[in-house]
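What follows is each chain in one-letter form.
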Amino acid sequence: MNGPDRTPGPGALPGADPAAPAETPAGRPAAAETRAGPAETRAGPAETRAGPAVTRAGPAATSGDREGRPAAAAAGDTGAARRVPCAGAIVRDYAGRLLLIRRGQEPGRGLWSLPGGRCEPGEDAATAAVREAYEETGLVVAAGALVGRVERPGPGGVTYVIDDLACAVTGGTLRAGDDADDVRWVGPAELATLPVTDGLLDALTRWGVVQPG
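Here we summarise the structure given alongside this text. (Residues numbered from 1 in each chain as written. Predicted model: local features only at pLDDT ≥ 70, side-chain atom pairs only at ≥ 80, totals over all residues. Heavy atoms only, no water.)

Evaluated as defined, the whole model comprises 10 salt bridges. We note a salt bridge from Arg-131 to Glu-135, for which the minimum N-O separation is 3.3 Å. With Arg-131 and Glu-135 both in helix H1 (residues 125-137), this residue pair falls four residues apart, about one helical turn. The buried category is assigned to Arg-131, whose relative accessible area is 16%. Classification of Glu-135 as partly exposed rests on a relative accessible area of 28%. Note that Asp-163 is salt-bridged to Arg-149, the shortest N-O span being 2.4 Å. Of this pair, Asp-163 sits in strand E8 (residues 158-172) while Arg-149 is found in strand E7 (residues 139-153), placing the two residues 14 residues apart along the sequence. For Asp-163, a relative accessible area of 12% corresponds to the buried category. Salt bridges here are not isolated pairs; linked through shared partners, they connect Glu-120, Glu-123, Arg-131, Glu-132 and Glu-135. (Salt bridge = Lys/Arg side-chain N within 4 Å of Asp/Glu carboxyl O. Helix = DSSP H or I, 4+ residues; strand = E, 2+ residues; numbered from the N terminus. Buried < 20%, exposed > 50% of the residue type's maximum accessible area, 1.4 Å probe, protein only.)

Bringing the state of the cysteines into the picture now. This model, assessed by the stated rule, comprises zero disulfides. Between Cys-119, a cysteine without a disulfide, and Cys-86, which holds the nearest cysteine sulfur, the sulfur-to-sulfur distance is 6.3 Å. Using a relative accessible area of 16% as the deciding quantity, one classes Cys-119 as buried. (Disulfide = S-S within 2.5 Å.)

In short, the description is geometric, and any link to function would need to be established separately.
See below:
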């Protein structure tokens, strides 16, 4: 996951690796919220060696609110703020545990967050979420509905606009990769004790992904 630290942002999947603690990068301001209920999905854990094929499951994104990945709108000489589009994957297993990665790079190094990162040129949020999930966790996922969106400030006046989508595991083998130095499935009790990126728990609670308290 490149770019902004991830804060806020489920899909159920059977048979995924049961290893699991989680975090989220810090430094994410409170985001404008929008709710589109989290969608849980189930999918078998079959292993695949090839990269993930982008799949869409469920409805097109509805407005939401989560930590964001920047959308490239060059500011030019006007000094206007640039908005950089990003995407995150909200993935849950058969037991309702959330898939989290520990960031291995700044910003938010050492904090737990959702798998995700910047959208590459020509990518939409669903494509980016599938790619980032595979690169950071080794799991192949199918992207579904938008759960929420948040905006986070970045260096140089950049604003990261992060769309978090519900995703379901369809294959792969759990392992940390790319910007992540650890990955695991995290239950509610453990989630409350982990150092996560700023605003992540608030966003997940607003969206109904985790229960308050």
